[in-house]
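Residue-level listing of the chains:
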Amino acid sequence: MIEPGTPDYRSASRALALGSLLVFANLYLFQPLLPVLAAHFGVAATAANGIHAATTLGLAIGLLPWALLSERWGRRPVLLASLMLVALVGLVQLLADSLALLVVARLLMGLALSGFVAVAVAYMAEEFSPIALALAVGSYVAANSLGGIAGRIYGGMVGDWLGWQPAALALALLTALATAWVWRTLPPARAFRASRAPLRSDLGRAIGHLVNPRLWLAMAIGGLNFALFVNQFTVMGFRLVAAPHHLPVAVASLIFLCYLSGTLTSRLSGAWSLRYGPLSGMALGTLIAMAGCLLARIDALWAMVLGLLLISAGAFLVHALAYAWVSQHAEQAKASATALYLVHYYLGASLGGFWLLYCYEQGQWDGVVAGSGILYTLMLMALAGLQRRQRMTVPV
């Protein structure tokens, strides 16, 4: 097992962090450009959201197939194949010259991205010791947030100034270079044992995760959390470029620097989990995010920025803890378990955008607060159910 502080731990953590950063930069490249693309194609915000929703939908669709493939092929080959396909699709999407083709290209991008996302934590869960896993997942999720920040700000600025095609081209080339570095530095899997069971058996184990309340409730929390978090930022982008603020897209994209608070809380999530337990951290993160959503009602830039900082801090704390919970409590087929968590997570992103943008069109940010309140309530209910299940399994 890989222990903290060892050369293999440093090599694996750095390789997975770099891959994660590039994966999430590619995933969110177009999110800050949605107001520009809505105006360019002459469509409503909810229609333009299809570009972003297609990417997260493709990611959700591809997660379980990639995970099942990794049970036979291995985690490391899937991680590398996924990164290579991301670079390839990044070049192919340059051919899209209409909204429909761009949506299709982004769907393909999501399918390519899903291989890395599906398997990275399963690789860590198998190769790392329990203490190393708790620490490494926090670092990995922190790299997720940094990739999301970099991709959004890069996309907003370069896409606003030069157009989306130059931005996409440069990112595709950078992804190809990063793939070569990851291939050289990521240690080979030593604990992995290829599955020789029939595919039906692997599917049965995957379905078994869904009927395990201790796993499914954590998956539901992750899906609701991401439905809120990522799309509250999308709505804020539309809010800032509209009256009375009229910010340029390049400037409005700087709101994604607020993800840095999530980088911090995800890095601290492992220490919190070891000291206080993951369930209390999920509850705390949910309440912090709710406070941020309410604060952002104030129509002043300082309040909106502070609100987004709180939303990010709370959401990433919830995500890191729920993600690690699933990988730790799945007794078998860990790649399938983490993939199913992420299916919920990214389906939440796809569907939550249409919900919150509809709420925004109906009632501006007050509508978003009301719509978010419904989902936050469901999160707390799921967390209460998870707490009850946890008490049932602990000997008295």
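As a reminder, the structure under discussion sits directly above these lines.
Note that the structure is predicted; figures quoted are calculated from it, not measured. (Residues numbered from 1 in each chain as written. Predicted model: local features only at pLDDT ≥ 70, side-chain atom pairs only at ≥ 80, totals over all residues. Heavy atoms only, no water.)

## Examining the overall build of the protein chain
We count it as follows: Here a helix means four or more residues in a row that DSSP labels H or I, a strand means two or more in a row labelled E, and each is numbered from the N terminus. Our radius of gyration is a C-alpha quantity, and the globule rule it is checked against amounts to 2.2 Å times the number of residues to the power 0.38.
Counting its secondary structure elements, the protein chain contains 14 helices and zero strands. Its helices and strands taken in sequence order, the protein chain reads α-α-α-α-α-α-α-α-α-α-α-α-α-α from the N to the C terminus. Here the C-alpha radius of gyration of the protein chain, 20 Å, is about what a compact globule of 396 residues would show, namely 21 Å. C-alpha atoms of the protein chain, sized along the principal axes, occupy 55 × 50 × 40 Å.

## Comments concerning the pattern of salt bridges
The condition is simple: The rule for a salt bridge is simple: a side-chain nitrogen of Lys or Arg has to be within 4 Å of a carboxyl oxygen of Asp or Glu. Accessible area is worked out with a 1.4 Å probe on protein chains only. A residue is then buried under 20% of its type maximum, exposed over 50%, and partly exposed in between.
Scanning the entire structure with this criterion turns up four salt bridges. For Arg 75, the salt bridge identified is with Glu 126, shortest N-O distance 2.4 Å. One end of the pair, Arg 75, is in helix H4 (residues 75-92); the other, Glu 126, is in helix H5 (residues 99-127), with 51 residues separating them in the sequence. A relative accessible area of 2% means that Arg 75 is categorised as buried.

## Thoughts on helix H11 (residues 259-276)
Worth spelling out the cut-off: For a helix, the expected span equals 1.5 Å multiplied by the residue count minus one. Throughout, bend refers to the angle between the axes fitted to the seven residues that end at a position and the seven residues that start at it. Residue contacts are counted whenever heavy atoms from the two residues lie within 4.5 Å of one another.
Helix length check: H11 (18 residues) gives 24 Å between terminal C-alpha atoms against 26 Å at 1.5 Å per residue, within 8%. By the largest-angle criterion, Ser 269 marks the main kink of H11, which is about 40°. Of all the residues in H11, the buried ones are Tyr 259, Ser 261, Gly 262, Thr 263, Thr 265, Ser 266, Ser 269 and Gly 270. Among the structural elements, helix H6 (130-162), helix H9 (213-241) and helix H13 (301-329) are those in contact with the buried residues of H11. Of the residues one or two after H11, Gly 277 is the one with positive phi, at around 100°.

## A word on the nonpolar core
Keep this limit in mind: The definition of a nonpolar core used throughout is a set of buried Ala, Val, Leu, Ile, Met, Phe, Trp, Tyr and Cys residues joined through side-chain atoms within 4.5 Å.
Judged by nonpolar contacts, the single largest core of 125 residues is most densely connected at Leu 63, Met 124, Phe 128, Tyr 140, Phe 229, Phe 233 and Tyr 346. Top element by residues in this core is helix H14 (residues 334-393). It accounts for 21 residues. Beyond its immediate sequence surroundings of up to four residues, Phe 128 is in contact with Met 1, Ile 2, Tyr 9, Ala 12, Ser 13, Tyr 123, Leu 133 and Ala 136.

## What to know about the layout of surface pockets
What counts here: With a 1 Å grid laid over protein atoms only, a set of points is called a cavity when a 1.4 Å probe fits there but cannot get out and a pocket when it is open yet has protein on both sides within 12 Å along at least five of seven lines; lining residues have an atom within 4 Å of a point. Grid points are joined across faces, edges and corners, and a volume is the space filled by probe spheres set on the points. Amino acids are sorted into nonpolar (Ala, Val, Leu, Ile, Met, Phe, Trp, Tyr, Cys and Pro), charged (Asp, Glu, Lys and Arg) and polar (every other residue, Gly among them).
Estimated volume of the largest pocket: approximately 190 Å³. When residues of the lining of the largest pocket are traced back to their parent elements, those giving at least two are helix H2 (34-41) and helix H7 (164-185). In the lining of the largest pocket, the residues fall into seven nonpolar, five polar and one charged.

## Some points on a nonpolar patch on the surface
So the rule is basically this: Each patch is built from salt-bridge-free residues with over 30% relative accessible area, joining like charges within 9 Å and nonpolar side chains (Val, Leu, Ile, Met, Phe, Trp, Tyr) within 5 Å. The method behind every accessible area is Shrake-Rupley, applied with a 1.4 Å probe, and residues are considered shielded solely by the protein chains displayed.
Judged by side-chain polarity, Leu 146, Val 251, Leu 254, Leu 257 and Leu 260 come together as a nonpolar surface patch covering roughly 370 Å² of accessible area. Checked against the element boundaries, Leu 146 lands in helix H6.

## Quick look at the packing of H6 against H13
Just so we agree on the cut-off: Geometry is summarised by axes, namely lines fitted to C-alpha atoms with helices restricted to the contacting stretch, and by angles between N-to-C directions that run from 0 to 180 degrees. An angle below 35 degrees is treated as roughly parallel, one above 145 as roughly antiparallel, one from 65 to 115 as roughly perpendicular, and anything else as oblique. Crossing handedness: left-handed means the near helix sits turned counterclockwise from the far one by under a right angle, and right-handed means the same turn made clockwise.
Closest axis-to-axis distance for the H6/H13 pair is 10 Å, and the angle between their directions is 135°. With respect to each other, H6 and H13 are oriented oblique. Remark: the crossing between H6 and H13 carries right-handed chirality. Residues Leu 133, Val 137, Tyr 140, Val 141, Asn 144 and Ser 145 of H6 form the contact with H13, whose own contacting residues are Phe 316, His 319, Ala 320, Tyr 323, Ala 324, Ser 327 and Gln 328. Of the residues contributing to the contact of H6 with H13, the split by class is eight nonpolar, five polar and no charged.

## Some words on the packing of aromatic side chains
Here is the rule: Planes of paired rings set the category: under 30 degrees apart is stacked, over 60 is edge-to-face and the rest tilted, where pairs are Phe, Tyr or Trp rings (Trp by its six-membered ring) whose centres lie within 6.5 Å.
Under the defined criterion, the tally for this structure stands at 19 aromatic pairs. Residues Phe 226 and Phe 229 carry aromatic rings whose centres are separated by 6.2 Å and whose planes lie at 40° to one another, so their mutual orientation is tilted. Of this pair, Phe 226 and Phe 229 are both found in helix H9, three residues apart, which corresponds to roughly one turn of the helix. Judged by relative accessible area, Phe 226 falls into the buried class, the value being 3%.

## What to know about unusual backbone geometry
At the junction of Ala 243 and Pro 244, the peptide bond is cis and its omega measures out at 5° in the coordinates. One non-glycine residue, His 246, lies in positive phi territory at about 55°. The residue His 246 is located in the loop between H9 and helix H10 (249-252) in this model. Of note, the phi angle at Gln 364 is positive, near 55°, even though the residue is not glycine. Mapping Gln 364 onto the fold places it in helix H14.

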